[in-house]
Amino acid sequence: MTEPLRAMLAANFPELQPSDALLQRAASLVPLRRLARGRTLFAQGQPTAAVYAVVAGEIETRFIGHDGQVSSLDHVSPPRIFGLAAFVTGQPSSYEALARAPSQVLAIGEPAYRLLMDELPGFARALMREFALRFDSTMRLLEAARHRSAAERFSLALGQLAHRRAAGDPDAEGWQPVAATQAELAALANLSRQTVNQLLRQAVAEGRLRSSYGRLWIRPAPRR
């Protein structure tokens, strides 16, 4: 598991420089979980046993309301991590996670987490920064849902998806592919699918966006 763990740390925390010896010790404590499509990794309302990182496939995190209505929160693709808050705080998870496709995830449980916290310089600061960024992202979306126009909420949600769901390197013209659907964008922006569809068509017509089934391309910011 050394190489998957190395790749995950490099992608999420590029400022860290773990030694080969530390990686080998940590990797021996990090099992690789394989999940069939539709398999639940952890349930809403239950404690989580680890911080997870997607190695292959896709994990959907979703909230189930008291009325049984399901709200998709995110679609997590490699090499992103998830399950941070519930694991670190020891509180029950506020959402469930299940595989949208055959998937593989690293499970960083207490022994590996403690090792990285104690012996990998900068890991604690990097993890705190990740917490802060996610909290800020949540607060921005909450503020947008209450006080901003539909177009502003659309743009903000699009930026969040570009950060979370980049699906490869930019092409020769600088377009960044993002794995996302209209439904996911609508849920994140707290807008109807009809409104999102109208805003997508407008952005495409203005040359700010490209769109295809299950994927968007974000136009790079103009150079000054």
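Owing to the predicted nature of the structure, the values given are computational and were not obtained by experimental measurement. (Residues numbered from 1 in each chain as written. Predicted model: local features only at pLDDT ≥ 70, side-chain atom pairs only at ≥ 80, totals over all residues. Heavy atoms only, no water.)

A.B. asks: Break down the overall build of the protein for me, with residues and values.
C.D. replies: A tally of helices and strands in the protein yields eight helices and 11 strands. Residues classed as buried in the protein amount to 40% of the 224 residues present. Within the protein, contacts between residues separated by at least 24 positions form 67% of all contacts whose residues are at least 6 apart in sequence. Taken as a whole, the protein presents about 12,600 Å² of accessible surface, with 52% of it coming from carbon and sulfur. (Helix = DSSP H or I, 4+ residues; strand = E, 2+ residues; numbered from the N terminus. Buried < 20%, exposed > 50% of the residue type's maximum accessible area, 1.4 Å probe, protein only. Contact = heavy atoms within 4.5 Å. Areas by Shrake-Rupley, 256 points an atom, 1.4 Å probe, with all protein chains shown as cover.)

A.B. asks: Just give me the short version of the nonpolar core, but keep the residues and values in it.
C.D. replies: Within the largest apolar cluster, 26 residues are counted, with the highest numbers of intra-cluster contacts made by L5, M8, F13, I108 and F123. Elements supplying a minimum of two residues to this core: α1 (2–12), α2 (20–27), β3 (51–56), α3 (84–89), β8 (103–108), α4 (110–119) and α5 (123–147). (Core = buried A, V, L, I, M, F, W, Y, C linked by side-chain atoms within 4.5 Å.)

A.B. asks: Can you explain the pattern of salt bridges? Please cite residues and give values.
C.D. replies: A full pass over the atoms with the stated rule returns eight salt bridges. The partner of E60 in a salt bridge is R100, and the shortest N-O contact between them spans 3.2 Å. With E60 in strand β4 (residues 59–64) and R100 in the loop between β7 (96–99) and β8, the pair connects residues that are 40 residues apart, well separated along the chain. On the basis of relative accessible area, R100 is assigned to the partly exposed category, the value being 34%. Here E206 ties to R208 by a salt bridge, and the two come within 2.7 Å at their closest N and O atoms. On the accessibility criterion, E206 (46% relative accessible area) is partly exposed. Sharing partners across several salt bridges, the network here consists of E3, R6 and D20. (Salt bridge = Lys/Arg side-chain N within 4 Å of Asp/Glu carboxyl O.)

A.B. asks: So what's going on with the side chain of S93? Which residues, and what values?
C.D. replies: In this structure, S93 sits in the loop between α3 and β7. For S93, a relative accessible area of 5% gives the class buried. With residues near it in sequence (within four places) discarded, S93 still touches F42, A43, Q44, G45, Q46, T48 and A86.

A.B. asks: Can you explain the sheet that holds strand β5 (residues 70–76)? Please cite residues and give values.
C.D. replies: Reading across the sheet, the four strands line up as β2-β7-β4-β5 and stay open at both edges, with antiparallel pairing between neighbours. Of all the strands in the sheet, the pair left with one neighbour each is β2 (40–42) and β5. Within the sheet, the average angular offset between the axes of one strand and its neighbour, ignoring direction, is 30 degrees. (Pairing = 2+ DSSP bridges. Axes fitted to C-alpha atoms, helices over the stretch in contact; angles between N-to-C directions.)

A.B. asks: Account for the pairing of strand β10 (residues 209–212), naming residues and giving values.
C.D. replies: Side-chain positions along a regular strand alternate between the two faces of the sheet. The pairing of β10 with strand β11 (residues 215–218) spans four bridges and is classified as antiparallel. Paired with L209 across the bridge in β11 is I218. The loop that links β10 with its antiparallel partner β11 comprises two residues; one of these, G214, has a positive phi angle of about 75 degrees.

A.B. asks: So what's going on with the side chain of T48? Residues and values would help.
C.D. replies: Mapped onto the elements, T48 comes out in the loop between β2 and β3. A polar side-chain atom of T48 sits 3.3 Å from the main-chain amide nitrogen of F87. Sequence-distant contacts of T48, that is, excluding residues within four places in its chain, are made with F42, G83, A86, F87 and S93. (Polar contact = N/O pair within 3.5 Å; in protein donor to acceptor, adjacent residues only side chain to side chain.)

A.B. asks: Run through the pairing of strand β9 (residues 176–179), naming residues and quoting values.
C.D. replies: By the alternation rule, side chains of β9 split into Q176 and V178 and P177 and A179, which are all buried. The pairing of β9 with β11 spans four bridges and is antiparallel. Following the sheet pairing, A179 is matched in β11 by R215.

A.B. asks: Could you give me a rundown of the packing of α1 against α2, with the residues and numbers involved?
C.D. replies: Following both chains from N to C, one finds α1 and α2 inclined at 110 degrees, their axes separated by 9 Å at the closest point. In terms of axis orientation, α1 runs roughly perpendicular to α2. Crossing handedness for the pair α1 and α2: right-handed. Every residue of α2 that contacts α1 at T2, L5, R6 and L9 is listed here: D20, L23, Q24, A26 and A27. (Parallel < 35°, antiparallel > 145°, perpendicular 65-115°, else oblique. Left-handed = near helix turned anticlockwise from the far one by under 90°.)

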